[in-house]
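One-letter residues, chain by chain:
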Amino acid sequence: MSTGLEETSDAETVDVTEAELEALIGDRALARDEHENAPGFVVNPDEVQSVLGDLKDEAGYDHLSCVTAQQYEDRYESIYHLKKYDDASDEVSIVVPTTRDDPVSESAEPVFRTADWHEREAYDLVGIEYADHPDLRRILLPETWQGHPLSDDYDQDKPQLVTLAEHENPLADDHHDAESDTMFLNVGPHHPATHGVLHVKTVLDGETIVDVDPDIGYLHRCEEQMCQQGTYRHQIMPYPDRWDYVSSGLLNEWAYARAIEDLADIEVPEYAQVIRTMGAELCRIASHMLALGTFALDVYGEFTAIFQYTFRDREVVQDILEDLTGQRMMFNYFRVGGVAWDLPEPREEFFEQTRDFLDELPAKVAEYNDMVTSNEIFQTRCIDTGVLEPDVAKDYGCTGPVARGSGVDYDLRRDDPYGYYEHLDWDVVTRDGCDNYARVLCRMEEVEESAKIIEQCLDLLEEWPEDDREVQANVPRTLKPDAGSEIYRAVEAAKGELGIYIRSDGTDKPGRFKIRSPCFSNLQALPEMTEGEYIPDLVASLGSLDIVLGEVDR
Amino acid sequence: MGSDEPETQPRQAIHDSTAPSTDTRDSRIGEGVDDRFNSKLREAFGASPFILTKFDEFMNWVRGNSMFMLQFGIACCSIEMIHTYAIKHDVDRYGAGVPRASPRQADVMIVPGTIVSKFGPRMKRVYDQMPEPKFVVGMGSCTISGGPFQEGYNVVKGAEEIIPIDIHVPGCPPRPEALIYGILKLQERIQNGESSPVVVKPYELEEFGDLPEDELVQKLADEIDEDDLVMRYNWADSP
């Protein structure tokens, strides 16, 4: 811990808000903490709600982006990363230390609904308890799990018991509540409409949904542990591909690359940034195509036309990406400080292939609009179902097309610029519908915007001077950021804000590596969207959230 | 082959000549009248329209050529699995293309992804629900050994710890071509009548009350009903 911010790029603006923040938090701040791009304030565990409430109501920090929990030798620490939906680059971190003997901290759930799941995860993996939390139980690991795996005294070889009680017949007597005449229904974890291994516990009154409780953790692959075991330079980069595996690999890699490059002060060559931007937008198209195809499959059982059409287009994108990166899905193409290699030779062929795809895209999008979005059945299923009001979306920390479909104008590519986006001409798509239909339209239009970005990148790459095609910065073989330096950095992935928190402990491996997954926050809003609606709308809402369980569970 | 006979001469048996035999047809519908029903198969069978085979061999042939896959998406590999079902790769060409949503209608289960502790008992249950004979294709490194996540505290070190697997397709993820190759290999095995290997499965579902008493069981005794099924993971014994 230290006092004050030592280095700031634009000192003036930060100073103003910082002085205001200091005045606002006042005596409640025990100390200051240094974070790379956010002023950090250390507060008492019993003042979390009052500090966060003031920051939300009076300073406008209405986006609780992430909650990181970690264990030090002498204490536990919860860090609340706050942002503004209006200005994503304005960040503040609230650090809440608790003792090792009695790790109890006040819950932030009454201020931000999204803290509910984030704090459950902190309890599950690290072992911090939150007072006033409405429902503090394990979220990723089975309820019978013994120990907290990211705490330092966890024994990984200890046997564990996992129960299978939910698999009893859902229509059996014990599930039928005679008084209220409701029925309990399991959806998943093996169910075609859950897009993977999600388990949704629902309580039905007739066909109406009374209660929805998403049960996650069926794909909790210890991604944070894996990243904490790898070295910064090369061993971490393959893992981001596997968080959001719907071909969003490059977008995820960028999240890690951005965090470590800012932490270790690495300047990425502009040429590499253009390649990154192009690759990332290709990934976004592939991801949105799958979202559309599976959504059509969900809402009207369309396995023959739309689903196959979208997969046809994904194949084209994947071919382009394979030429660029060498793999169809798990690209591992980004390097710390650039990309692995230049565009494939002969370049003309690559440009031609990519341009062919872009030329055909408008006709394909028009075809999708003909077949999907203007389809009457589709509209009946989607318009005014799964309504997510903007205030609710903000309260749950929703980002990406889910937030933009509710009219929340928040896109990190524009609001917290990185890569080459600020030099390109494109628009952020927002929709005011707040329903399933708006989210689908939002994705469709984002595909067109992505195509615009790729087109401009191709123009740039074609005319880039031959002697300036540097794809990687000069990065030391071993990266060892200063001990104790902390950073939270996010990029706009296909599903929303994908953030990485890294704390360095002075070695070549991260002391703490925390992933802020957009799907995790988006999925949390599912009960708000579906309770009181019919059960088919649950399937549609789940589809329009476009979750990937690899990223929800990590 | 009767080399002195002309090639066009009708033959009486399936051996000796490859020329079409029309005797059966001619006697039924008159000579040279209508060859609309004259299939290659009938030509090949000639006057004796029977194949002599063993019934089990016939069943194996049928089984191998009509496999109903279970629609079972777990992780990254399931995206490549969907691509294998979709156009361009189209595994339906090999008679294995229709994904069934219910395990009770499926013959083959492709396990496409990492198995974690919470999902292990569920996968076991889904496998148990499939009718015999059933076959499993393990797709990707995670189903072989846990793959890149092998050191994770929550990751089962390969699907074979829990269910028997017939074909392993390595890769992270395997390309659709690789998965098709694996499916074809499985078809070949089924057609040859090779059944699922019997393996020792360390992780089995048991009733909680049947578990031997130890520290962990005693600790959880209040939380878990005696009749509940449980899976006990002995991580230290895993490979």
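Refer to the preceding data block for the structure.
Residues numbered from 1 in each chain as written. Chains lettered and ligands numbered in written order. Predicted model: local features only at pLDDT ≥ 70, side-chain atom pairs only at ≥ 80, totals over all residues. Heavy atoms only, no water.

Draft legend 1. Helix α6 (residues 270–300) of chain A, seen in detail. Residue and element names in this part refer to chain A. Across its 31 residues, α6 extends 45 Å between first and last C-alpha, which sits within 8% of the 45 Å expected from 1.5 Å per residue. Taking burial as the measure, the 31 residues of α6 include 28 buried ones, the bulk of the element. Once α6 finishes, Gly301 follows within two positions and takes phi at roughly 50 degrees, a positive value. (Helix = DSSP H or I, 4+ residues; strand = E, 2+ residues; numbered from the N terminus. Expected span 1.5 Å × (residues − 1). Buried < 20%, exposed > 50% of the residue type's maximum accessible area, 1.4 Å probe, protein only.)

Draft legend 2. Seen up close, a negative patch on the surface. Residues and elements named next belong to chain B. On the surface, Glu206, Glu207, Asp210, Glu213, Asp225, Glu226 and Asp227 cluster together to form a negatively charged patch. By secondary structure assignment, the location of Asp227 is in the loop between α8 (215–220) and β7 (229–233). A relative accessible area of 53% places Asp227 in the exposed class. (Patch = residues over 30% accessible without salt bridge, like charges linked within 9 Å, V, L, I, M, F, W, Y side chains within 5 Å. Areas by Shrake-Rupley, 256 points an atom, 1.4 Å probe, with all protein chains shown as cover. Salt bridge = Lys/Arg side-chain N within 4 Å of Asp/Glu carboxyl O. Lys, Arg positive; Asp, Glu negative; His and termini not counted. Charge placed at Lys NZ, Arg CZ, Asp CG, Glu CD.)

Draft legend 3. How the structure looks around the sheet that holds β7 of chain B. Sheet architecture is open: three strands sit in the order β8(A)-β7(B)-β6(B), paired in antiparallel fashion. On the outer flanks of this sheet lie β8 (160–163) of chain A together with β6 (205–207) of chain B, each paired with one strand and no other. Sheet twist, expressed as the mean angle between neighbouring strand axes with direction ignored, is 40 degrees. Examined bridge by bridge, β6 of chain B and β7 of chain B share three bridges and lie antiparallel to one another. Directly across from Glu207 of chain B, in β7 of chain B, lies its bridge partner Leu229 of chain B. (Pairing = 2+ DSSP bridges. Axes fitted to C-alpha atoms, helices over the stretch in contact; angles between N-to-C directions.)

Draft legend 4. Summary view of the pairing of strand β12 (residues 208–215) of chain A. Looking at chain direction, strand β11 (residues 199–205) of chain A and β12 of chain A are connected through seven bridges and run antiparallel. When the sheet's bridge partners are listed, Val200 of chain A is paired in β12 of chain A with Pro214 of chain A.

Draft legend 5. Looking closely at the interface of chain A and chain B. Facing the 61 residues of chain A at the interface are 56 residues of chain B. Of the roughly 5200 Å² buried at the junction of chain A and chain B (both faces included), carbon and sulfur atoms supply 63%. If you sort the residues of chain A by the area they bury against chain B, Leu161, Leu164 and His190 of chain A come out on top, with a joint share of 15%. At the boundary of chain A and chain B, one finds five salt bridges. Asp215 of chain A is the partner of Lys118 of chain B in a salt bridge, and the nearest nitrogen-oxygen pair spans 3.0 Å. Run the count over chain A and chain B and you get 25 residue pairs in polar contact (both at pLDDT 80 or more). (Contact = heavy atoms within 4.5 Å. Buried area = accessible area lost by both parts, 1.4 Å probe. Polar contact = N/O pair within 3.5 Å; in protein donor to acceptor, adjacent residues only side chain to side chain.)

Draft legend 6. Broad picture of a nonpolar patch on the surface. A surface patch of nonpolar side chains, amounting to about 440 Å² of accessible area, comprises Phe55, Phe58, Trp61 and Val62 of chain B. Position of Phe58 of chain B relative to the elements: it lies in helix α3 (residues 55–65).

Draft legend 7. Local environment of the nonpolar core. One finds Tyr80, Ile94, Tyr245, Met278 and Leu523 of chain A together with Met109 and Met123 of chain B to be the most contacted residues of the largest nonpolar core, which totals 203 residues. The contacts of Ile94 of chain A, once residues within four sequence positions are left out, are Ile25, Phe41, Val43, Val51, Leu52, Leu55, Ser78, Ile79, Tyr80 and Leu82 of chain A. Core analysis: the next-biggest nonpolar cluster, separate from the first, contains 19 residues, Met81, Phe135, Ile167 and Val169 of chain B among them. (Core = buried A, V, L, I, M, F, W, Y, C linked by side-chain atoms within 4.5 Å.)

Draft legend 8. Layout of the sheet that holds strand β5 (residues 167–169) of chain B. Residue and element names in this part refer to chain B. Read from one edge to the other, the open sheet built from five strands follows the order β2-β1-β3-β4-β5, with strand pairing classed as parallel. Either end of the sheet is taken by a strand with one partner, and the two such strands are β2 (99–100) and β5. Looking at chain direction, strand β4 (residues 135–139) and β5 are connected through three bridges and run parallel. The partner of Met139 across the bridge, within β5, is Val169. Against the sheet, helix α4 (residues 76–85) contacts β1 (69–70), β2, β3 (108–111) and β4, and its axis sits at roughly 115 degrees relative to β4. Here helix α5 (residues 120–129) sits on the sheet in contact with β1, β3 and β4, set at roughly 160 degrees to β3.

This is a description of form; function is not addressed.
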